[in-house]
Amino acid sequence: MKVTVIGCWGGYPAPNGATSVYLVEHNDFSLLIDFGSGALSKVQNYVQLTDIDAVLLSHYHHDHIADIGVLQYAQLVQYYVDGKEDTLPIYGHLEDEDGFASLTADYTKGIAYNPDQTLEVGPFAITFFKTKHPVPCYGMRITDGTHTFVYTADTAYEDTWIDFSQGADMMIADCNFYAHQNGEAAGHMTSQEAALIAEQAHIKDLILSHLPQYGDLQKLVKEASQYFAGQVHLAHEGFVWYGR
Ligand code: ZN
């Protein structure tokens, strides 16, 4: 399994960047997780649009779905250019009816996932965790049968993350705040909170993402390293993680 960070900014993209979008590949299947602002432009550096097999969304905040509309236009243009009638599945939860309805267009189809059940998409099996966030949002545990990673999506700290994440090889964690800040009200975590979960869940690699646009980002790594004995990585466009 190969996971590529394509967009790592929280809220809005820093110059020339993108908000949440991650590419997960295994056995020639390409799954995109979240599709934020700048995603459509950036993704084309890593996968041809016609090779995208599915999109999976954590929630309907703009920084996670901003480019879904233009992705639908791209699908439409592909149809006019080469008659490609494939419909791209976009998986989302049903707890925002308007948000879910917007996933279906001429050549995309919204498919509801039941967060209480395992979702099978291509070679991946996905289980969900309802996060602590101002709107319904689901974190995910994704496995190809051999390797497993956890994507926290957007969440404030909760102890129950530790059980959900137990033993995963890697975690992409919401790290929208520095250790001295309080992310609770905004529904995000600090570097320290992300590290505490990763440590107690015995994660091997922690990737800090959903990053703030201010401050010294290396400080997030230093802070997390004080609480997590494994490898801490700072997300950036093009960062690749391989299950090993
Ligand atoms: Zn959010």
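Coordinates for the structure precede this section.
Residues numbered from 1 in each chain as written. Predicted model: local features only at pLDDT ≥ 70, side-chain atom pairs only at ≥ 80, totals over all residues. Heavy atoms only, no water.

Student: Which residues make up the overall build of the protein chain, and what values go with them?
Tutor: A tally of helices and strands in the protein chain yields seven helices and 14 strands. On C-alpha atoms alone, the protein chain measures out to a radius of gyration of 17 Å, which is about the 18 Å that the 2.2 N^0.38 rule sets for 244 residues. The principal-axis extent of the C-alpha atoms belonging to the protein chain is close to 55 × 35 × 35 Å. Counting every position in the protein chain, which comprises 244 residues, the buried fraction comes to 56%. Within the protein chain, counting contacts between residues at least 6 apart in sequence, those at least 24 apart form 56% of the total. Carbon and sulfur atoms form 48% of the exposed surface of the protein chain, whose accessible area is close to 10300 Å². Averaging the locations of the 11 positively and 31 negatively charged side chains of the protein chain gives two centres separated by 6 Å. (Helix = DSSP H or I, 4+ residues; strand = E, 2+ residues; numbered from the N terminus. Rg over C-alpha atoms; globule rule 2.2 N^0.38 Å. Buried < 20%, exposed > 50% of the residue type's maximum accessible area, 1.4 Å probe, protein only. Contact = heavy atoms within 4.5 Å. Areas by Shrake-Rupley, 256 points an atom, 1.4 Å probe, with all protein chains shown as cover. Lys, Arg positive; Asp, Glu negative; His and termini not counted. Charge placed at Lys NZ, Arg CZ, Asp CG, Glu CD.)

Student: Can you lay out the environment of Gly-243 for me, pointing to particular residues and giving the numbers?
Tutor: Assignment of secondary structure puts Gly-243 in the segment after strand E14 (240-242). The spacing of Gly-243 and Asp-82 is 161 residues in sequence and 35 Å in space, taken between C-alpha atoms.

Student: Can you tell me about helix H6 (residues 191-200), naming the residues and giving the values?
Tutor: Listed in full, the buried residues belonging to H6 are Ser-191, Ala-194, Ala-195, Ile-197 and Ala-198. Projected onto a plane normal to the axis of H6, the buried residues spread over an arc of 160° and lie on a single side. Here the buried face of H6 lies against helix H5 (160-165), strand E11 (170-174), strand E12 (205-209) and helix H7 (217-225). Where H6 ends, the next residue or the one after it, His-202, has phi of about 60°, a positive value. (Arc of directions from axis to C-beta.)

Student: Quick one: what's the story with the sheet that holds strand E2 (residues 21-26), residue by residue and with numbers?
Tutor: Overall, mixed pairing links the seven strands, which are arranged E6-E5-E4-E3-E2-E1-E14 in an open sheet. The sheet is open, and its two borders are formed by strand E6 (108-112) and E14, each paired with just one other strand. Sheet twist, expressed as the average angle between the axes of neighbouring strands with direction ignored, equals 20°. By the bridge criterion, three bridges tie strand E3 (residues 29-33) to strand E4 (residues 54-56) in an arrangement that is parallel. Bridge assignment links Leu-32 to a residue of E4, and that residue is Val-55. Of the strands in this sheet, E4, strand E5 (88-92) and E6 touch helix H3 (residues 68-82), which is tilted by about 165° from E5. (Pairing = 2+ DSSP bridges. Axes fitted to C-alpha atoms, helices over the stretch in contact; angles between N-to-C directions.)

Student: Kindly report on unusual backbone geometry, identifying the contributing residues and their values.
Tutor: Even without a glycine there, the phi angle at Asn-16 is positive, about 65°. Here Asn-16 shows up in the loop between strand E1 (2-7) and E2. Not every positive phi belongs to a glycine, and His-210 is a case in point at roughly 50°. Inspection of the secondary structure assignment puts His-210 in the loop between E12 and H7.

Student: Kindly report on the coordination of the zinc ion, identifying the contributing residues and their values.
Tutor: Ideal values for angles at a metal depend on the geometry: 109.5 degrees with four tetrahedral donors, 90 or 180 degrees with six octahedral donors. Summarising the metal site, the zinc ion is bound by the protein donors His-59 (NE2), His-61 (ND1), His-133 (NE2) and Asp-154 (OD), whose distances to it range over 2.2 to 2.3 Å. Considering all four donor atoms around the zinc ion, the spread of angles at the metal, 90 to 169°, places the coordination shape in the irregular class. What makes His-61 partly exposed here is its relative accessible area of 26%. (Donors = N, O, S within 2.8 Å, 3.2 Å for Na, K, Ca; no water. Tetrahedral: all angles 85-135°; square planar, octahedral: opposite > 155°, others 65-115°.)

Student: Outline the nonpolar core, supporting the account with residue identities and numerical values.
Tutor: Core analysis: the biggest nonpolar cluster contains 60 residues, and Leu-31, Ile-33, Leu-56, Ile-126, Phe-149, Leu-206 and Leu-208 have the highest contact counts within it. Discounting chain neighbours no more than four positions away, the residues touching Leu-56 are Leu-31, Leu-32, Ile-33, Asp-34, Tyr-91, Tyr-113, Leu-119, Ile-126, Phe-128 and Met-140. With 23 residues, the next largest nonpolar core counts Leu-23, Val-55, Ile-65 and Leu-88 among its residues. (Core = buried A, V, L, I, M, F, W, Y, C linked by side-chain atoms within 4.5 Å.)

Student: How would you summarise the sheet that holds E12 if you had to cite specific residues and measurements?
Tutor: Pairing is mixed across the open sheet formed by seven strands, whose spatial order is E7-E8-E9-E10-E11-E12-E13. The open sheet has two free edges, formed respectively by strand E7 (119-121) and strand E13 (231-234), since each of these has just one partner strand. Pairs of neighbouring strands in the sheet enclose a mean axial angle of 20°, with direction left out of account. Relative to E12, E11 is paired through five bridges, and the arrangement is parallel. Counterpart to Met-171 in the pairing with E12 is Leu-206. Each of E11 and E12 is contacted by H6, which is oriented at about 160° to E12, the strand it contacts most.

Student: Please provide a residue-by-residue account of the pairing of E13, values included.
Tutor: Inspection of the sheet shows E12 paired to E13 by four bridges, in the parallel sense. Along E13, the bridge assignment pairs Leu-206 with Val-232.

Student: Summarise the side chain of Gln-72; cite the residues concerned and give the values.
Tutor: With respect to the helices, strands and loops of the structure, Gln-72 is situated in helix H3. Exposure remark for Gln-72: the relative accessible area of 12% places this residue in the buried category. A distance of 3.0 Å separates a polar atom in the side chain of Gln-72 from the backbone oxygen of Ser-102. In this structure, Gln-72 is in contact with Ser-102, Leu-103, Thr-104, Ala-105 and Thr-108, ignoring residues within four places of it in sequence. (Polar contact = N/O pair within 3.5 Å; in protein donor to acceptor, adjacent residues only side chain to side chain.)

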